[in-house]
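Fold and geometry: a report
The residues making up each chain are set out below.
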Amino acid sequence: MPQLTFTHGTQVNTTVAAKAGDSVLETALNHDVPLQHACGGFCACTTCHIQVKSGLENLSSMDDDEAERLEAVDGRTEFSRLGCQAKLVRPGSQISVEIMNLDY
Ligand code: FES
């Protein structure tokens, strides 16, 4: 199983066991991690923006729809992904992400 660490400043720091094939958002929701997802995971809102701190190579590659959405995001970097679109593709891998928008 992939291990996925979520952080958000000092408010969130948790590591969970994830299922290969699940998205970062699905993993967050399955473990009560407060990652925003206003559109419900349909690549339409960008509230699930994350910055990948390590393990980028263990995520699915970005498609054109995700890249287009991310172009509109303030604070986007080369490590930005949408949590609903980035899937964990390697069993046994380690991935660490910073949540940009908490879901209160
Ligand atoms: S939840 Fe809306 S783009 Fe990911």
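Everything below is about the structure shown above.
This write-up is about the structure you can find in this document.

With that settled, consider the overall build of the protein chain. Of regular secondary structure, the protein chain possesses two helices and five strands. What you see in the protein chain, going N to C, is helices and strands ordered as β-β-α-β-α-β-β. C-alpha atoms of the protein chain, sized along the principal axes, occupy 30 × 30 × 25 Å. Here the protein chain holds 104 residues, and 31% of them are scored as buried. If you take every contact in the protein chain between residues at least 6 apart in sequence, the share linking residues at least 24 apart comes to 68%.

Let us look at the sheet that holds strand β2 (residues 12-17). In spatial order, the strands read β2-β1-β5-β3-β4; together these five strands make up an open sheet with mixed pairing. Only two strands of the sheet have a single neighbouring strand rather than two, namely β2 and β4 (80-82). Each strand axis lies, on average, 30 degrees off the axis of its neighbour in the sheet, ignoring direction. Taken together, the five bridges between strand β1 (residues 3-8) and strand β5 (residues 94-99) define a ladder with parallel strand orientation. Directly across from L4, in β5, lies its bridge partner I95.

The alternating pattern of β5 places I95, V97 and I99 on a buried face, while none of Q94, S96 and E98, on the opposite face, is buried. Where strand β3 (residues 49-54) and β5 come together, four bridges link them in antiparallel fashion. Residue S54 lies in a different strand from β5, and its bridge partner there is S96.

Remark: a regular strand shows side chains that alternate across the two faces of the sheet. By the bridge criterion, six bridges tie β1 to β2 in an arrangement that is antiparallel. What sits directly across from T7, in β2, is N13. The turn linking β1 back onto β2 is made up of three residues, and G9 within it adopts a positive phi angle of 50 degrees.

Formed by 20 residues in total, the largest nonpolar core has its most connected members in V24, I50 and V97. Counting only elements with at least two residues in this core, the list comes to β1, α1 (24-30), β3 and β5. When residues no more than four places from it in sequence are discounted, the contact partners of V24 are L4, I50, G83, A86 and V97.

What follows is about the environment of T77. Mapping T77 onto the fold places it in the loop between α2 (64-70) and β4. Put simply, T77 and Q94 are 17 residues apart on the chain and 21 Å apart in space, counted from C-alpha to C-alpha.

Our next topic: unusual backbone geometry. Even without glycine at this site, D32 takes up a positive phi of about 55 degrees. Within the secondary structure, D32 is located in the loop between α1 and β3. Take D32: there are 8 C-beta atoms within 10 Å of it, and that puts it in the exposed class. A positive phi angle, near 60 degrees, is found at C43, a position not held by glycine. Tracing the backbone shows C43 in the loop between α1 and β3.

What counts, and where the lines are drawn
- Residues numbered from 1 in each chain as written.
- Predicted model: local features only at pLDDT ≥ 70, side-chain atom pairs only at ≥ 80, totals over all residues.
- Helix = DSSP H or I, 4+ residues; strand = E, 2+ residues; numbered from the N terminus.
- Buried ≥ 20, exposed ≤ 12 C-beta atoms within 10 Å, placed from the backbone.
- Contact = placed C-beta atoms within 7 Å.
- Pairing = 2+ DSSP bridges.
- Axes fitted to C-alpha atoms, helices over the stretch in contact; angles between N-to-C directions.
- Core = buried A, V, L, I, M, F, W, Y, C linked by C-beta atoms within 7 Å.

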